[in-house]
Amino acid sequence: MRYFEDMMDGLQKNNEVPQMVTDRLDAVLENLPDCEGRDVGFQMKKMGSQAKKGGKKGIWKGAVAIAAVFAAAFMVCYTNPVLASRIPVISQIFGLIEKGVPFSGNYSQDAGQPVAADAVSDNGITITASEVYCDGLSVFLSAQVDAGEGGFAGILPHSLKNSDALSDALYLRGQWKLSGEDGYHPLNAYFMEGKVIDDHSYAGMIKLDLDSYGISEGMLDLQLSSIGWDDMAAETGDDISETCRVDGQWNFMVPFQSDLDSLKELEVNQTQNGYTIRKVFVSPYQVVSLIEAPVTHLEKEISRADYEAKLGLSEGEDDPELSYEQYVEMQTTGRQPCETVICNQDGELLPMGDMSTTSGKTTFAVNEKELSTLHVYVFTDYEDYEKADGTIDMESATERAVVSAEISVE
Amino acid sequence: MDTLVHRAKKRDKAAFGELMRIYTASMYKIAKAILKNDEDVADAIQETALTCWEKIGMLKKDTYFKTWMTRILINHCNAIYRKRCRTISDGILPETAAVEADYSAVEWREFLQSLDEKYRIVVMLYYVEGFKIREVAQILEISENTVSTRLAVARKKMEKQYCQKPSGRMRIV
């Protein structure tokens, strides 16, 4: 029916806008308010940036305070943001954010356990732990963060790899461990991913990767010492990292039970060119690969004095946990760098989360993809094989990988 | 375009103004598909510009600006349309004469106006403005299936009306 298309072509070409319409629009554009809304009545007020560029420790930067409430079906609205105790708590945060985080999935359906913990407040920030879920590989903890002074509306969202979703992130500092572990794992500007609810409230989740896999239950000991975020209104546009930061103390003890029924541990033991794909763990949310690369020895001089200075020892003293010889071995021995890439049976790449060259562990997000077969490739000279549609040329990848494996998941 | 949106989000009035002017013709065509009167169209576009300026900081992805703006425009058009329906019946408001490039454009616009509003707007958004079905669904907050169905119905209606003219020239039935 060509005449229909001709008709539409005609309408497309004819774009004469009456002068009256243009004049009325110009009148509005020439008199735009200074961000004062007619219905919402919001104001932007710069509260004054006190911290210098790069000097962020211990300084509260209320760079922008915006009193704005924006409504959506799932949003929480309140009328008195200053009193944190009257802010309603969102009880099901997983359901709110689970599709818009890097390791997206159906946490709410997999019965994230509610956390029976009190809200913890310090320095104007209240954190309420909401739900916890463990897939045997990581502990996922959801929480609501409320800021009495506000500032969350200025958070610059960041895009997620291989997804149209945008995530609003907070930076956490502190430490965590499972009860029974010897030492704490540090959290240094660690991402909490989720969603800004309004200028005073944020809902997100933290993913804490376990050292040992497959534990059936545990107690998470989480100690936070600062909450930070990027503010898009910061003056130094090229350095907006953590322009807002609040120091304080927020401690949580969270018991959890692991969902081990959905966890698969797959032995691979494929070796080629000195590289070994040892095993792969698969949960509904992530895939973890363990790779062993050839050992390398560095020609490096490590003096006794270097060792003593680094470990804070007196002259001639040895650390009871790490002798000088062991320290030299550790500093001069490494693994060949390599990169692991995993796709499913359809060639869809799994986005990479974290990679560790020392442990050979790489984490990938499942993002609700169908996984019946995994194709694992290890490259020493990885080029970007990813095509525009998020898939990989598997034939080419197999040729160029130093080792590869096809693993049935079912 | 994304650069203009990015600057507008940083409250650059000049960038926002340029953005609105770029989309004026598009907004006019869409609003005219719903509101027949140019006065009402001008009102809707003014309201849309103000709303977009107020809320642009909440736009998550710059590339979605046009879709987001169009949805705001349609909401304003619908509000004005409902208000008009309660106070004045159709046909009484004088319509400002539009300057037409040629007679064929008049015919095509008349054909479009002969469609029910719900078909007219999907035709405008899809064929004239070039939105994808998914985007039209987002703008109108209806399902993609509904969009496809309305497009098919619109084509059939126009085909039927067009084929009733043995000379090949259009007339309104």
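Conventions we followed
- Residues numbered from 1 in each chain as written.
- Chains lettered and ligands numbered in written order.
- Predicted model: local features only at pLDDT ≥ 70, side-chain atom pairs only at ≥ 80, totals over all residues.
- Heavy atoms only, no water.
- Helix = DSSP H or I, 4+ residues; strand = E, 2+ residues; numbered from the N terminus.
- Contact = heavy atoms within 4.5 Å.
- Areas by Shrake-Rupley, 256 points an atom, 1.4 Å probe, with all protein chains shown as cover.
- Phe/Tyr/Trp six-rings, centres within 6.5 Å; stacked < 30°, edge-to-face > 60°.
- Buried < 20%, exposed > 50% of the residue type's maximum accessible area, 1.4 Å probe, protein only.
- Lys NZ or Arg CZ within 6 Å of the ring centre and 35° of its normal.
- Pairing = 2+ DSSP bridges.
- Axes fitted to C-alpha atoms, helices over the stretch in contact; angles between N-to-C directions.
- Salt bridge = Lys/Arg side-chain N within 4 Å of Asp/Glu carboxyl O.

### Describing the overall build of chain A
Looking only at helices and strands, chain A has six helices and 22 strands in total. A fraction of 63% describes how many contacts in chain A between residues 6 or more apart in sequence connect residues 24 or more apart. When the accessible surface of chain A is split by element, carbon and sulfur atoms take 46% of a total near 20,100 Å².

### Thoughts on the packing of aromatic side chains
Under the definition given, this model contains 18 aromatic pairs over all chains. Considering the side-chain rings of A:Tyr133 and A:Phe140, the 6.2 Å spacing of their centres and the 35 degrees angle between planes classify their relative orientation as tilted. Looking at A:Phe140, the relative accessible area reads 0%, which means it is buried. For the cation-ring pair, B:Arg11 lies above B:Trp53, with the distance from its terminal atom to the ring centre recorded as 5.0 Å. Here the basic side chain of B:Lys66 rests over the ring of B:Phe131, its NZ or CZ set 4.8 Å away from the ring centre.

### Some thoughts on the sheet that holds strand β15 (residues 286-292) of chain A
All names here are of chain A. Ordered by their spatial adjacency, five strands build an open sheet running β13-β14-β15-β20-β19, and the pairing between neighbours is antiparallel. The strands lining the two open edges of the sheet, one partner per strand, are β13 (264-272) and β19 (352-355). Pairs of neighbouring strands in the sheet enclose a mean axial angle of 20 degrees, with direction left out of account. When β19 meets strand β20 (residues 361-365), the two strands line up antiparallel, connected through two bridges.

### Overview of the pattern of salt bridges
Think of it this way: side chains of opposite charge can pair up when their charged atoms draw near. Scanning the entire structure with this criterion turns up 17 salt bridges over all chains. Its salt-bridge partner being A:Lys279, residue A:Glu267 comes within 3.3 Å of it at the nearest N-O pair. Pair noted here: A:Glu267 is in strand β13 and A:Lys279 is in strand β14 (residues 275-282), with a separation of 12 residues, a long-range link. A relative accessible area of 16% means that A:Lys279 is categorised as buried. A salt bridge links B:Lys9 to B:Asp62, with the nearest nitrogen and oxygen atoms 2.8 Å apart. In this pair, B:Lys9 sits in helix α1 (residues 2-9) while B:Asp62 sits in the loop between α4 (38-55) and α5 (65-87), placing the two residues 53 residues apart along the sequence. Under the relative-accessibility criterion, B:Asp62 is labelled buried at 17%. Through salt bridges with shared partners, a single ionic network connects A:Arg24, B:Glu39 and B:Asp43.

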